[in-house]
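Notes for the structure review
Letter by letter, the chains look like this.
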Amino acid sequence: MRDKTMTADEVVSRLESGMTLGIGGWGSRRKPMALVRALLRSRITDLTVVSYGGPDVGMLAAAGRIRRLVAAFATLDSIPLEPHYRAAREGGALELVEVDEAMFMWGLHAAANRLPFLPVRAGVGSDVLRVNPGLRTVTSPYGDGWLFGEQPTGASGGPEHAIREAAGEATGAGMREPDGGEEFVAMPALRLDAALVHVNRADRLGNGQYLGPDPYFDDLFCEAADAAYVSCERIVDTAELTKEAAPQTLLIKRHTVTGVVEAPHGAHFTSCAPDHERDEAFQRHYATTAWPEFADRFLTGDEHAYQSAVRAWHRERS
């Protein structure tokens, strides 16, 4: 089996401007920040970014790399709204597709299963359809339900008519007849050209393990992408992955992974429990510092230079 280890810069060398890029983690938790910083060192731009947004979105937006953002939110958790994202959005620097958190998840599920969309209840009756006029609804062809072997009921004209009706051929997209089935939002697949995620441990083959409280849908990001790159706190032998942790912690399967990067503190300043908590002091500094000033001090060199600059900043405060 192939050794998939590479450097962060090698990962970025495989990316291109204009791609649709998924970034795992959640808010300011277990974000692949070393890979994001490597991306910022490149000239790649015009990205469509798909993310449960945190400082990954904030930095890329502040640097002018995002053309279109698909997100349910952009937060630093302890700071409710990501300030650099907010500045970019208020300045009209990017296009935003804002969906419900559950809709986002089902969009990843659809892409992971190579489906064009999945029907979801999330978003029904909300302003999501108003702010995203391109979204469509579908009507269940099974009325109130169907047991195998029974004749489907509840949709006028039978199941074929209901399917055609759901597609907008019978009564128009988003419409339903009074005796039809339940109406759902048709959440489009969030298909990704590439995905970046960060986990606690990985082996050289691409198996990725989380040891914290939440998987944050990183497996779905990898499965929804044509190429997935996993950074980790530490690369270990495959046998080590389950010596002290349950097999269920093996979140990411090697067949979905293109490359593995060992990046200690690679999620900084976001949390990567239990390896390290969020660097709240540094996050506050990031949030309250003008982007050009922050980037000039911390993002002009490689990852080693970044980590050294962070340590120097903490020494200055002590």
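Higher on the page you've got the structure.
First things first, this report covers the structure right here in the doc. Each chain carries its own residue numbering, running from 1 in the direction its sequence is written. Only residues with pLDDT of at least 70 get local features here, since the model is predicted, and only at 80 or more are side-chain atom pairs given and counted; chain-wide, interface and lining totals rely on the full set of residues. Computation of side-chain values: all heavy atoms of the structure, hydrogens and water removed.

**Observations concerning the pairing of strand E4 (residues 95-98)**
Test applied: Pairing between two strands requires that DSSP report at least two bridges joining them. Starting at the N terminus, helices and strands are each numbered in turn, a helix being any DSSP run of H or I of at least four residues and a strand any DSSP run of E of at least two.
Sheet topology places strand E3 (residues 66-71) next to E4; four bridges connect them, and they run parallel. Paired with Val70 across the bridge in E4 is Val97.

**Remarks on helix H4 (residues 83-90)**
This is how it is decided: Only protein chains enter the accessibility calculation, which uses a 1.4 Å probe. A residue is then buried if its area is under 20% of the maximum for its type, exposed if over 50%, and partly exposed in between. Note on contacts: a residue pair is in contact if any heavy atoms of the two residues lie within 4.5 Å. Contacts described as polar in this section are N or O atom pairs within 3.5 Å, which, within protein, must combine one atom able to donate a hydrogen with one able to accept it, while residues neighboring in sequence count only if both atoms come from side chains.
Within the sequence span of H4, burial applies to Pro83, His84, Tyr85 and Ala88. Against the buried residues of H4 lie helix H3 (55-62), E3, E4, helix H9 (280-288) and helix H10 (291-298). Capping the start of H4, Glu82 holds a side-chain oxygen 2.8 Å from the backbone nitrogen of His84, two or three residues further along. Gly92 sits one or two positions beyond H4 and adopts a positive phi of about 70°.

**So, unusual backbone geometry**
Working note: non-glycine residues mostly have negative phi, and peptide bonds are mostly trans. Cis rather than trans, the peptide bond between His268 and Phe269 has omega equal to 10°. A cis amide bond links Ala273 to the next residue, Pro274, at an omega of 0°. Residues other than glycine seldom take positive phi values, yet Asp77 does so here, at roughly 70°. Relative to the helices and strands, Asp77 is located in the loop between E3 and H4. Taking relative accessible area as the criterion, Asp77 reaches 23% and is therefore assigned partly exposed. Positive phi, normally seen in glycine, also occurs at Arg114, with a value near 55°. Looking at the element boundaries, Arg114 is found in the loop between helix H5 (101-112) and strand E5 (117-120).

**Details of the nonpolar core**
Keep this limit in mind: Think of a nonpolar core as a cluster: buried Ala, Val, Leu, Ile, Met, Phe, Trp, Tyr and Cys residues, connected wherever their side-chain atoms sit within 4.5 Å.
Judged by nonpolar contacts, the single largest core of 51 residues is most densely connected at Met59, Leu69, Phe298 and Leu299. A total of seven residues in this core trace back to one element, the largest contributor, which is helix H2 (residues 33-40). Contacts of Leu299, omitting those with residues within four sequence positions, involve Arg37, Leu40, Met59, Trp291, Phe294 and Tyr306. Core analysis: the next-biggest nonpolar cluster, separate from the first, contains 41 residues, Val120, Val185, Leu192 and Val230 among them.

**Digging into the side chain of Glu233**
The condition that has to hold: Positive charges come from Lys and Arg alone, negative charges from Asp and Glu alone, with His and the N- and C-terminal ends not counted. The salt bridge criterion pairs a side-chain nitrogen of Lys or Arg with a carboxyl oxygen of Asp or Glu, the two atoms within 4 Å.
Secondary-structure assignment places Glu233 in strand E10 (residues 225-235). Nearest to the buried, unbridged Glu233 among oppositely charged side chains is Arg201, at 6.1 Å. For Glu233, the side chain forms a polar contact with the side chain of His198, separated by 2.7 Å.

**Side note on the pattern of salt bridges**
Evaluation of the coordinates by the stated rule reveals 16 salt bridges. Across the pair Asp46 and Arg67 runs a salt bridge, and its minimum N-O distance is 3.3 Å. With Asp46 in the loop between H2 and strand E2 (47-51) and Arg67 in strand E3, this residue pair connects regions lying 21 residues apart in the sequence. Residue classification places Arg67 among the partly exposed residues on the basis of a relative accessible area of 39%. Through salt bridges with shared partners, a single network forms among Arg29, Asp77, Arg278 and Glu280.

**Observations concerning H5**
How we decide: The span you would expect from a helix comes to 1.5 Å times its residue count less one.
Across its twelve residues, H5 extends 17 Å between first and last C-alpha, which sits within 8% of the 16 Å expected from 1.5 Å per residue. Along H5, the residues that are buried comprise Met103, Phe104, Met105, Gly107, Leu108, Ala110, Ala111 and Ala112. Taken together, the buried residues of H5 touch E2, E3, E5, helix H6 (128-131), strand E7 (183-188) and helix H8 (218-223). The first or second residue beyond H5 is Arg114, which carries a positive phi of 55°.

**Observations regarding the packing of aromatic side chains**
The criterion, for reference: Under the pairing criterion, centres of Phe, Tyr and Trp rings, with the six-membered ring standing for Trp, must be within 6.5 Å; the plane angle then separates stacked pairs below 30 degrees from edge-to-face pairs above 60, leaving the rest tilted. Either the NZ atom of lysine or the CZ atom of arginine qualifies as a charge over a ring when it sits within 6 Å of the ring centre and within 35 degrees of the ring normal.
Applying the stated criterion across every chain yields a total of 16 aromatic pairs. On the numbers, 5.4 Å between centres and 85° between planes, the contact of Phe282 with Trp313 is edge-to-face. With a gap of 31 residues between them, Phe282 in helix H9 and Trp313 in helix H11 (residues 303-317) connect regions that are remote in the sequence. Across this residue pair, the class does not change: Phe282 and Trp313 are buried. Between the aromatic rings of Phe294 and Phe298, the centroid separation amounts to 5.0 Å while the plane-to-plane angle is 40°, which identifies the pairing as tilted. Of this pair, Phe294 and Phe298 both sit in helix H10, separated by four residues, roughly a single helical turn. Judged by its relative accessible area of 0%, Phe294 falls in the buried class. Following the ring pairs from residue to residue traces out a cluster consisting of Phe269, Phe282, Tyr286, Trp291, Phe294, Phe298, Tyr306 and Trp313. Looking at Arg37, its charged tip hangs above the ring of Tyr306, at a distance of 3.8 Å from the centre.

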